[in-house]
Amino acid sequence: MTNATPALPADLLDRALRDRGVDRFAGVPCSYFAALIPLLQQDGRYVACANEGAAFATACGFSLAGAPGAVLLQNSGLGNLVNPLTSLSAPYDIGVLMFVSHRGDPDGPSDEPQHRLMGAATVPLLDALRVPNWQLSPNLDELGTTLDAALDAVRSGRTAALVVPRGVMAKPAPAEQLPETSQRPGTEDVVAALGALLRDELVVSTTGFTSRWLFAGADRPGNFYMQGSMGHALSLGLGLALSRTDRRVFVLDGDGACLMHMGALGTVGAQHPGNLVHVVLDNQQYESTGGQPTAGARTRFEDVARASGYRWGGRVTSLSDLKPVLEHVGSQPGPALLVIETTAGAGAAPPRATASLDPDAIRARFMTEAAG
Ligand SMILES: Cc1ncc(C[n+]2csc(CCOP(=O)(O)OP(=O)(O)O)c2C)c(N)n1
C-alpha cells in the first residue's frame, strides 16, 4: 500500500461496525479477510457459505430480520451474487453491506491472470448494478464517514459495497507453529502419490494449493490447472469426459471448491460418464485463503455422490490405502467419487503454474494431449 496510514486491524473495523448495528456476517473467504473472519467466528457472528450468492441471500435474511446484514467476498465471487443482488435485494429493497476484496486491482500491484479481467471490471460492474460503492480506508475518520454513508444506503433498502484494496486490512498475527499431530496426509503428499499413479488420464485440478502442488510435483501436458473458476472443476471435467469417452478423466477437487457448486454432482449422476473419477481432497478448510473452516465441514461427499447417482463413492484416510482403492476404482466403470482426508500443510505452497506457463500455453498443450 502506498498510503502511509497503517493497515486497519480487524478488531477496529469490527468495533466500528458493531457501533453502527452491523453484527451478522456471511461470506466466502479471501486472504484479505484472514484476520477478520476468525474474529467474527469466535462468537458465531459469521456464517461460512458455499458460494457468494448463498452468502448474499443469507445476509438478506439478516437484514429482513431487522438489522443490516453484511457479506465478505473476494471480487472473483461477484458474479456468483449478481442474481440475488438484482432479483432479491433490488426489487424487494433489502439492503446489504458488502465488503469486496479487490484482487487484480488495476491501480495495485500485478496479480494472477485469473484476477485481471474482474479486477478491472469490479467498480464498473458495481456501478452498472447501481450499487453505491466506496474504497475502504484504513484511516479511522474516513472509515467512519464511509461506513455512515454506506449504511444510510443499506438502511434505505439499497445494497452498498466497500471495495477493499490489497494491504488495507491488517494481516493476522503469525500463528504459533504447533508440532504436527494429525494422522492425515498433507496435500503435498497426496498430490505426489496421485501424480505417481497417473498414466494417460486427462486431469483437471482445482484452484488453490492443489494445482500448485500438482504442477510442482507431477507436471504433464495432460494436466489442466484451473486457476480461478472456483467450484467448476467438476463441470469442466464432465464436459471433457462426455466428449472423450475413450479417455479417463480425473478431477482433483477441494472440499471448499466442491461445496461451492455442489449441484454439479447431480448433473454428473444424471449424465453418468463411466470414465470420470472425481477426487475430493478434504482438509475441512479453505487452506489457500488462510485456513478458515469450510462451509460444510460435516459434508460426506461420497454419500452425496452415491445419492446423486454416481456408481461408486468412498473415502481413504491414509496414503497406504490410496493405491489399492484407486486400482479398484480404475477396474470398474464410473462415475466415482473418492474423498481423501488431508490436513493443512505446515509449509508454504510452491509457485502457481502460471508463474512459469501462460494460461493459453496450459490450454494449448492440454488440447494437443487430449487430441492424441
Ligand atoms: C468464486 C471465488 N470465491 C472465492 C475465491 C477465493 N479462494 C481461492 S482458493 C479458495 C479456497 C479453496 O478451498 P478448497 O477448495 O477447500 O481448497 P484448499 O484451499 O483447502 O486446498 C478460495 C475461497 C475464489 N478464487 N473464487
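Residues numbered from 1 in each chain as written. Predicted model: local features only at pLDDT ≥ 70, side-chain atom pairs only at ≥ 80, totals over all residues. Heavy atoms only, no water.

With an unreviewed UniProt entry as reference, the chain is termed Phosphonopyruvate decarboxylase, source organism Streptomyces griseofuscus.

Undergrad: Please clarify how the pattern of salt bridges should be interpreted in this entry.
TA: With the rule as written, the count across this model stands at 18 salt bridges. Ionic pairing is found between Asp43 and Arg45, a salt bridge with its closest N-O pair at 3.0 Å. (Salt bridge = Lys/Arg side-chain N within 4 Å of Asp/Glu carboxyl O.)

Undergrad: Sorry if this is basic, but what is going on with the UniProt feature "domain: Thiamine pyrophosphate enzyme N-terminal TPP-binding" (unreviewed entry) in the chain here?
TA: The residues that UniProt annotates with the feature "domain: Thiamine pyrophosphate enzyme N-terminal TPP-binding" (unreviewed entry) are residues 10–103. Secondary structure across residues 10–103 comprises 48% helix and 20% strand; the distance between its end C-alpha atoms is 19 Å. (UniProt positions renumbered as here; feature names shortened; annotations may be inferred. Helix = DSSP H or I, 4+ residues; strand = E, 2+ residues; numbered from the N terminus.)

Undergrad: Please explain the environment of Asp303 as it appears in this structure.
TA: By the element assignment, Asp303 lies in helix α12 (residues 301–308). The sequence separation of Asp303 and Gly314 amounts to 11 residues, and the corresponding C-alpha distance is 8.0 Å.

Undergrad: Would you take a moment to explain helix α5 (residues 113–128) for this structure?
TA: Helical geometry note: an α-helix holds 3.6 residues per turn, so side chains three or four residues apart project in the same direction. The end-to-end C-alpha distance of α5, which contains 16 residues, comes to 24 Å, matching closely the 22 Å that a straight helix rising 1.5 Å per residue would cover. Of all the bends in α5, the greatest reaches close to 45° and is centred on Thr122; the proline Pro124 follows between one and four positions later. Burial in α5 covers these residues: His115, Gly119, Thr122 and Leu126. Residues of α5 that are buried make contact with β3 (69–74), α4 (78–92), β4 (96–101), β5 (133–135) and β6 (160–164). Within two residues after α5, Arg130 carries a phi angle of roughly 60°, on the positive side. (Expected span 1.5 Å × (residues − 1). Bend = angle between axes of the 7 residues up to and from the residue. Buried < 20%, exposed > 50% of the residue type's maximum accessible area, 1.4 Å probe, protein only. Contact = heavy atoms within 4.5 Å.)

Undergrad: Where do I start with the UniProt feature "domain: Thiamine pyrophosphate enzyme TPP-binding" (unreviewed entry) in the chain in this structure?
TA: The sites that carry the UniProt feature "domain: Thiamine pyrophosphate enzyme TPP-binding" (unreviewed entry) are, in the present numbering, residues 217–339. The straight-line gap between the two end C-alpha atoms of residues 217–339 is 20 Å; of that span, 39% is helix and 24% is strand.

Undergrad: I would appreciate a short explanation of the packing of helix α7 (residues 187–197) against helix α13 (residues 319–330) in the present structure.
TA: Two numbers describe a pair of packed helices, the interaxial angle and the distance between the axes. At a closest axis distance of 11 Å, the pairing of α7 and α13 adopts a crossing angle of 30°. As judged from the angle between their axes, α7 and α13 are roughly parallel. Handedness of the crossing formed by α7 with α13: right-handed. Contacts between α7 and α13 pair Asp189, Val190, Ala193, Leu194 and Leu197 from the former with Leu319, Leu322, Lys323 and Leu326 from the latter. Considered class by class, the residues forming the contact of α7 with α13 number seven nonpolar, no polar and two charged. (Axes fitted to C-alpha atoms, helices over the stretch in contact; angles between N-to-C directions. Parallel < 35°, antiparallel > 145°, perpendicular 65-115°, else oblique. Left-handed = near helix turned anticlockwise from the far one by under 90°. Nonpolar A, V, L, I, M, F, W, Y, C, P; charged D, E, K, R; others polar.)

Undergrad: Teacher, can you tell me more about the domain arrangement of the chain here?
TA: Note on interface size: it is often stated as the accessible area lost on association of the parts. By the assigned domains, the chain splits into domain 1 (10–164) and domain 2 (187–371). The C-alpha centroid of domain 2 is placed 30 Å from the C-alpha centroid of domain 1. Domain 1 puts 16 residues into the contact, and the matching count from domain 2 is 14 residues. Of the roughly 1200 Å² buried between domain 1 and domain 2 on both sides combined, carbon and sulfur atoms contribute 59%. In this assembly, domain 1 and domain 2 are joined by one salt bridge. Put simply, the parts of the chain that give the side of domain 1 that touches domain 2 at least two residues each are α2 (36–42) and α5. Of the residues assigned to the side of domain 1 that touches domain 2, the class counts are nine nonpolar, five polar and two charged. (Domains from an automatic or database assignment. Buried area = accessible area lost by both parts, 1.4 Å probe.)

Undergrad: Please explain helix α14 (residues 359–371) as it appears in this structure.
TA: For α14, spanning 13 residues, the distance from its first C-alpha to its last is 18 Å, which sits close to the expected 18 Å at 1.5 Å a residue. All of the buried residues along α14 are Ile362, Phe366 and Ala370. Looking straight down α14, one finds its buried side chains confined to an arc of 60°; they lie on one side. Opposite its buried face, α14 presents the exposed residues Met367, Thr368 and Ala371, each directed more than 90 degrees away. (Arc of directions from axis to C-beta.)

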